[in-house]
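Listed below are the residues making up each chain.
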Amino acid sequence: MDVGFLGLGRMGRPMALNLVRAGHRVRVWNRSPEAAEALRAHGAEPVASPAEAFRGDAAVTMLADDAALRAVIVEGGLLDQAERPGLHLGTSTISVALAEELAAVHGRAGVAYVSAPVFGRPDVAEMGKLNILAAGPDEAIARAQPLLDAMGAKTWRFGEAPARANAVKLAGNMMIVAAVEAMGEAAAFGAAHGVPASDLLDLLTNTIFAAPVYKNYGASIAAGRYEPPGFGLALGAKDVRLALAAAEAARVPMPLASVLRDSLLDALAHGDGEKDLAALATASMRRAGRG
């Protein structure tokens, strides 16, 4: 397929490379052109503007947040240009409200829109093993399937309303943050009773909480290893904020998410925003007088 890929950060870069490896023609754009140029040696085609990437059989976006996606796609006028893609695969983690808006503006422009946010850290993206949540027109998802297969281990479908995939993604990310907060509080509690975090979390993550999220973040907490970030703490804070906004709009109380927001704000206020989400555990230690 002839594909344009916009956004080459920690997640976008390996996803674009996997499309190249799968044999697709991939034009790449990034706000910092050096990131796009670095992929030339791997077979990608750097382009100078978003408009040059947003065309062909499909365009894939992996931009940082609502503001970036809105600036490039909506305010950038890409849906108004004469040459547009056959479909737009939006893989960014964005708000439910923006996903609904994007579905509407794409519909008016005659461009199929599929929300396809992903679960997995950069190392998982490199292996092409992401879990991809897809929602949008069935025909469009079918056309996008070769791209989804190149980037992910499995595509999970959530109906034809694109915003459903974004709601699932935000729910999942809220649960990830909750797991990290729980481990941080447990580690602080254990430390107050003379139990090292490494011993406590080694037991818990290999028995009653033997799931990837607990194992991966638990190992980082136990080792005090928060850099380089896999999933940044500031991004986790953004996602909890988006979940709370969508919950308020739907009149769904989420008291746990409110607690997580405050704990994340604590970590942000102490300068941990650019660290891995596992650094949230340090907020629990500080509150216990052990930071």
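Within each chain, residues carry numbers counting from 1 in the order of the written sequence. Local features in this predicted model are restricted to residues of pLDDT 70 or higher, and side-chain atom pairs are both shown and tallied only at a pLDDT of 80 or more, whereas totals for entire chains, interfaces and linings draw on every residue. Heavy atoms throughout the structure, all of them, feed into the side-chain values; hydrogens and water do not.

What follows covers the overall build of the protein chain. For the protein chain, the count of helices and strands is 13 helices and nine strands. For the radius of gyration, the atoms used are the C-alpha atoms, and the globule rule reads 2.2 Å times the number of residues raised to 0.38. A globule of 291 residues ought to have a C-alpha radius of gyration of about 19 Å, and the protein chain, at 20 Å, matches this closely. If you line up the protein chain on its principal axes, its C-alpha atoms span 65 × 45 × 30 Å. Partly exposed residues are those whose accessible area sits between 20% and 50% of the maximum for their type, while under 20% is buried and over 50% is exposed, using a 1.4 Å probe and protein chains only. A buried classification covers 51% of the 291 residues belonging to the protein chain. Summed over its atoms, the accessible surface of the protein chain is roughly 12,900 Å², and 57% of this surface lies on carbon and sulfur atoms. Across the protein chain, the 28 positively charged side chains and the 31 negatively charged ones have centroids separated by 2 Å. In DSSP terms, a helix is any run of H or I states spanning at least four residues, a strand is any run of E spanning at least two, and both are numbered starting from the N terminus. Areas reported here follow the Shrake-Rupley algorithm with a probe of radius 1.4 Å; residue values treat only the protein chains shown as occluding. We score Asp and Glu as negative and Lys and Arg as positive, and we do not count His or the chain ends. Here the site of a charge means atom NZ of a Lys, CZ of an Arg, CG of an Asp or CD of a Glu.

Turning our eyes to something else, we now look at the sheet that holds strand 5 (residues 87-90). Across the sheet, six strands lie side by side as 3-2-1-4-5-6; this open sheet has parallel pairing. Across the chains shown, the open sheet's two edge strands, defined by having one partner strand only, are strand 3 (45-46) and strand 6 (112-115). Criterion used throughout: strands pair if DSSP finds at least two bridges between them. Sheet topology note: the strand 1 (residues 2-6)/strand 2 (residues 25-29) ladder contains five bridges and is parallel. Bridged to Asp-2 within strand 2 is Arg-25. Contact criterion: two residues are considered in contact whenever any of their non-hydrogen atoms come within 4.5 Å of each other. In this analysis an axis means a line fitted to C-alpha atoms, helices contributing only their contacting stretch, and an angle means the value between N-to-C directions, from 0 to 180 degrees. Helix 1 (residues 12-21) rests against strand 1, strand 2 and strand 4 (58-61) of the sheet, and its axis sits at about 170 degrees to strand 1. Strand contacts of helix 7 (residues 138-151): strand 1, strand 4, strand 5 and strand 6, with the helix running at about 45 degrees to strand 5, the strand carrying the most contacts.

UniProt positions are given in the numbering used here, feature names are shortened, and annotations may be inferred rather than shown by experiment. The sites that UniProt annotates as "domain: 3-hydroxyisobutyrate dehydrogenase-like NAD-binding" (unreviewed entry) are residues 165-281. In residues 165-281, helix accounts for 70% and strand for 0%; the two terminal C-alpha atoms are 29 Å from one another.

The subject of this paragraph is the UniProt feature "active site" (unreviewed entry) in the protein chain. Under the feature "active site" (unreviewed entry), the UniProt entry names Lys-169. Looking at the secondary structure, you find Lys-169 in helix 8 (residues 163-192). Those residues in contact with Lys-169 that sit more than four places away from it in its chain are Thr-93, Pro-117, Val-118, Phe-119 and Leu-133.

Phe-5, Met-15, Leu-19, Val-28, Leu-89, Leu-147 and Met-151 are the most contacted members of the largest nonpolar core, which totals 34 residues. Mapped onto this core, the elements with two or more residues apiece are strand 1, helix 1, strand 2, strand 4, strand 5, strand 6, strand 8 (130-134) and helix 7. We define the nonpolar core as a collection of buried residues of types Ala, Val, Leu, Ile, Met, Phe, Trp, Tyr and Cys that are connected through side-chain atoms lying within 4.5 Å of one another. Judged by nonpolar contacts, the second largest core, of 26 residues, contains Leu-6, Ala-53, Leu-78 and Ala-163.

The N-to-C vectors of helix 8 and helix 10 (residues 212-223) enclose an angle of 45 degrees; their axes lie 10 Å apart at closest approach. Classified by the angle between their axes, helix 8 and helix 10 sit oblique to one another. Crossing angle aside, the handedness with which helix 8 passes helix 10 is right-handed. Here helix 8 contributes Ile-176, Ala-179, Val-180, Met-183 and Gly-184 to the contact with helix 10, which in turn contributes Val-213, Tyr-214, Tyr-217, Gly-218 and Ile-221. Under the convention adopted here, Pro, Cys and the residues Ala, Val, Leu, Ile, Met, Phe, Trp and Tyr are nonpolar, Asp, Glu, Lys and Arg are charged, and Gly plus all remaining residues are polar. Looking at side-chain class alone, the contact of helix 8 with helix 10 contains eight nonpolar, two polar and no charged residues. Every angle not falling under 35 degrees, over 145, or within 65 to 115 is termed oblique; those three ranges are roughly parallel, roughly antiparallel and roughly perpendicular. A clockwise turn of the near helix away from the far one marks a right-handed crossing, whereas an anticlockwise turn of less than a right angle marks a left-handed crossing.

When the centres of two rings from Phe, Tyr and Trp lie within 6.5 Å, Trp using its six-membered ring, the rings pair. Their planes under 30 degrees apart give stacked, over 60 give edge-to-face, and anything left gives tilted. Evaluation of the coordinates by the stated rule reveals one aromatic pair. Plain terms: the ring middles of Phe-209 and Tyr-214 are 4.9 Å apart, the flat faces sit at 40 degrees to each other, and that makes the pair tilted. By relative accessible area, Phe-209 is classed as partly exposed at 36%. On the accessibility criterion, Tyr-214 (23% relative accessible area) is partly exposed.

With that settled, consider the environment of His-88. For His-88, the position within the fold is in strand 5. Taking the relative accessible area as the measure of exposure, His-88 reaches 0% and is therefore buried. The contacts of His-88, once residues within four sequence positions are left out, are Phe-54, Ala-59, Thr-61, Ile-73, His-106, Val-111, Ala-112, Tyr-113 and Val-114.

Here we come to the sheet that holds strand 7 (residues 118-119). Taken in spatial order, the three strands line up as 7-8-9 in an open sheet, and their pairing is mixed. Looking at strand neighbours, the two that pair on one side only are strand 7 and strand 9 (152-157), the edges of this open sheet. By the bridge criterion, five bridges tie strand 8 to strand 9 in an arrangement that is parallel. Of the residues in strand 9, the one forming a bridge with Asn-131 is Lys-154. This element, helix 7, spans strand 8 and strand 9 of the sheet and lies at about 160 degrees to strand 9.

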